[in-house]
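For reference, the chains in residue letters:
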Amino acid sequence: VRRAGFAFRMEYERFFRRYKMLAPQCWPEWRGGARDGTAALVAALQIPAAKHQMGKTKLFLKDPQSLFAFEEARNRALPALVARMQGVYRGWKVRSQWRQRRAAIVLQLVWKTYRARAYVAELAQTFGNAAQLPDYGANTQFPRPPMVLANAHQKTTRVHQTWRAHMVVGALSPGDQGVLRQKVLTYTLFNGRKAWDCARQHLGDYLESAANPRSPQYKQAMAQLFAKYGDTSVAFSDNCVKVNPKGKAQLRAITVTERNLYKQNPKNYKVLKVGTSLADVTGISLSTLNDRFVVVHCKAPVRDLLLDLGESGEERASEFVTVLVKNIQMITGNSIAPAFNNTVSYNNTRTDKADTQPRQLSFVANAAVPKPVFKKQGAADTIQVGGV
């Protein structure tokens, strides 16, 4: 055979295993015999019949170039085959890992669902009769939630608090509900900015109460005021100290209706000059100290008001400010946020004919004074505040 020129020979089985990837019909699976598979490989590489011979058990190749053609084709095909095999393996590995992870997720889901249902059942049993309790479950201990429901526990607590607040407020009379909502607004305006008495009951019309010895005169004067100016209700009334343009303190009665703010003579409750429309109020200023002064800023030419609401001995400045803010928003649609500063610019001396320069008012802490003291000094005023 060698003398005939066929220098290379190889068994069909071995040859087919080595080069089977070179023919599409042989890879990845060949259902025929090794001799037929070898014939398909030779045909795929187009080896001429004169350069090969098919023996009984071996393939014979005449030229080395034919063998080199098989080797070069095999070297070109191997990287793609290796990459494909790696892809198949990696895909199998990832799928196996995902099946394990999915099984763990299913187990966790089943366990968490069981714990959640057990917690909800315990929660329902604990608060099932909350509506019949006097405190609506305020002192009832929440069951300990599982870790998976830590955030849900916070939301459940908030839901219970909201429901309890709804039940408590719903049990109040309409008048008490209005007072409570007013106190909520006071809390929003004052909390963290200035001390105020949250426990004190808001009465609103203090001059009409039996504690005022001139209550009959006040009621008669208000009936006349309503008939003359068209107001219909009183939101706040009290005695206060007003600082006049000369810096003198004057005892006044002040009344806030749904539309106006009136300064009155505290003896007969006649309106002094004219009322101030709440639509003309542009701002409200207070200090951060323990005083009851309120500065009501107004549009020119209306004078600003410097009022001391501490005449009664109670903390009523917060109620007065809250009533102003609420009524101003009702008639103008604008929400005024009170400013809390220990230095305030105000103007209580301007008139219809002339506008004057604003004055600077400073609040100074002084523990030696028993109650706030107003002093006028040139273009600057000071209020010394004790008890701080």
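Reading guide: rules and limits
- Residues numbered from 1 in each chain as written.
- Predicted model: local features only at pLDDT ≥ 70, side-chain atom pairs only at ≥ 80, totals over all residues.
- Heavy atoms only, no water.
- Helix = DSSP H or I, 4+ residues; strand = E, 2+ residues; numbered from the N terminus.
- Rg over C-alpha atoms; globule rule 2.2 N^0.38 Å.
- Buried < 20%, exposed > 50% of the residue type's maximum accessible area, 1.4 Å probe, protein only.
- Contact = heavy atoms within 4.5 Å.
- Lys, Arg positive; Asp, Glu negative; His and termini not counted.
- Charge placed at Lys NZ, Arg CZ, Asp CG, Glu CD.
- Patch = residues over 30% accessible without salt bridge, like charges linked within 9 Å, V, L, I, M, F, W, Y side chains within 5 Å.
- Areas by Shrake-Rupley, 256 points an atom, 1.4 Å probe, with all protein chains shown as cover.
- Salt bridge = Lys/Arg side-chain N within 4 Å of Asp/Glu carboxyl O.
- Core = buried A, V, L, I, M, F, W, Y, C linked by side-chain atoms within 4.5 Å.
- Pairing = 2+ DSSP bridges.
- Axes fitted to C-alpha atoms, helices over the stretch in contact; angles between N-to-C directions.

## With respect to the overall build of the protein
Scanning the protein for helices and strands turns up seven helices and 15 strands. The C-alpha atoms of the protein give a radius of gyration of 47 Å, which is well past the 21 Å a tight globule of 388 residues would have. Projected onto the principal axes, the alpha-carbon positions of the protein cover approximately 145 × 60 × 45 Å. Buried residues in the protein amount to 37% of all 388 residues. Look at the contacts in the protein between residues 6 or more apart in sequence, and 49% of them connect residues 24 or more apart. Side chains of the protein carry 57 positive and 27 negative charges; the gap between the two charge centres is 12 Å.

## Structural notes on a nonpolar patch on the surface
There is a patch of nonpolar side chains on the surface, built from L172, L180 and V184 and spanning about 210 Å² of accessible area. Here V184 shows up in helix α5 (residues 174-190). A residue is classified by how much of its surface remains accessible, and V184, at 48% relative accessible area, is partly exposed.

## Observations concerning the side chain of K20
Within the fold, K20 resides in the loop between α1 (12-19) and α2 (34-44). Despite being buried, K20 has no salt bridge partner; E13 is the closest side chain of opposite charge, sitting 8.1 Å away. Ignoring anything within four residues of it in the chain, the contact list for K20 reads C26, W27, P28 and L41.

## A few points about the nonpolar core
Judged by nonpolar contacts, the single largest core of 28 residues is most densely connected at V294, F320 and L324. Counting only elements with at least two residues in this core, the list comes to α5, β4 (234-243), β5 (249-257), β8 (281-286), β9 (293-298), β10 (305-308) and α7 (317-332). Sort the elements by how many residues they give to this core and α7 lands first, with seven residues. Dropping the residues within four chain positions of it, V294 is found in contact with I284, S285, L286, L305, L306, L307, L309, A317, F320 and V321.

## A look at the sheet that holds strand β14 (residues 373-377)
Across the sheet, which stays open at both edges, the four strands sit in the order β12-β13-β15-β14 with mixed pairing between neighbours. At either margin of the open sheet sits one strand with a lone partner, and together these are β12 (343-346) and β14. Recorded for the sheet is a direction-independent mean angle of 20° between the axes of neighbouring strands. Strand direction decides the pairing type here: β12 and strand β13 (residues 359-365), joined by four bridges, are antiparallel. Note on β13: the bridge partner recorded for S345 is Q360.

## Topic: the pattern of salt bridges
Pairing is possible between side chains that carry opposite charge, provided their charged atoms lie close to one another. Within the structure shown, the criterion is met by eleven salt bridges. With a closest N to O distance of 3.8 Å, R31 and E29 form a salt bridge. Residue class for E29 comes out exposed when judged on its relative accessible area of 53%. A salt bridge links R316 to D238, with the shortest nitrogen-to-oxygen separation between them at 2.9 Å. Here R316 is found in the loop between β10 and α7, whereas its partner D238 is found in strand β4, with 78 residues between them in sequence.

## Regarding unusual backbone geometry
Omega for the peptide link from W27 to P28 comes to 10°, which places this bond in the cis form. Along the chain, P28 turns up in the loop between α1 and α2. Unusually for a residue other than glycine, Y136 sits at a positive phi of about 55°. Summarising the element assignment, Y136 is placed in the loop between α3 (64-126) and α4 (150-170). Classification of Y136 by relative accessible area gives buried; the value is 17%. A positive phi angle is found at K273, which is not glycine, with a value near 60°. Mapped onto the fold, K273 is located in the loop between β6 (260-264) and β7 (276-277). By relative accessible area, which is 67% here, K273 ends up exposed.

## A closer look at the environment of T57
Mapped onto the elements, T57 comes out in the loop between β2 (52-54) and β3 (58-61). Spatially, the C-alpha atom of T57 lies 5.8 Å from that of E11, the residues being 46 residues apart in sequence.

## Topic: the sheet that holds β7
If you trace the eight strands from one edge of the open sheet to the other, you get β7-β6-β5-β4-β10-β9-β8-β11, paired in mixed fashion. Both edges of this open sheet fall to β7 and β11 (339-340), since each of them pairs with a single strand only. Taken together, the four bridges between β5 and β6 define a ladder with antiparallel strand orientation. Note that in β6 the partner of A253 across the bridge is Q264.

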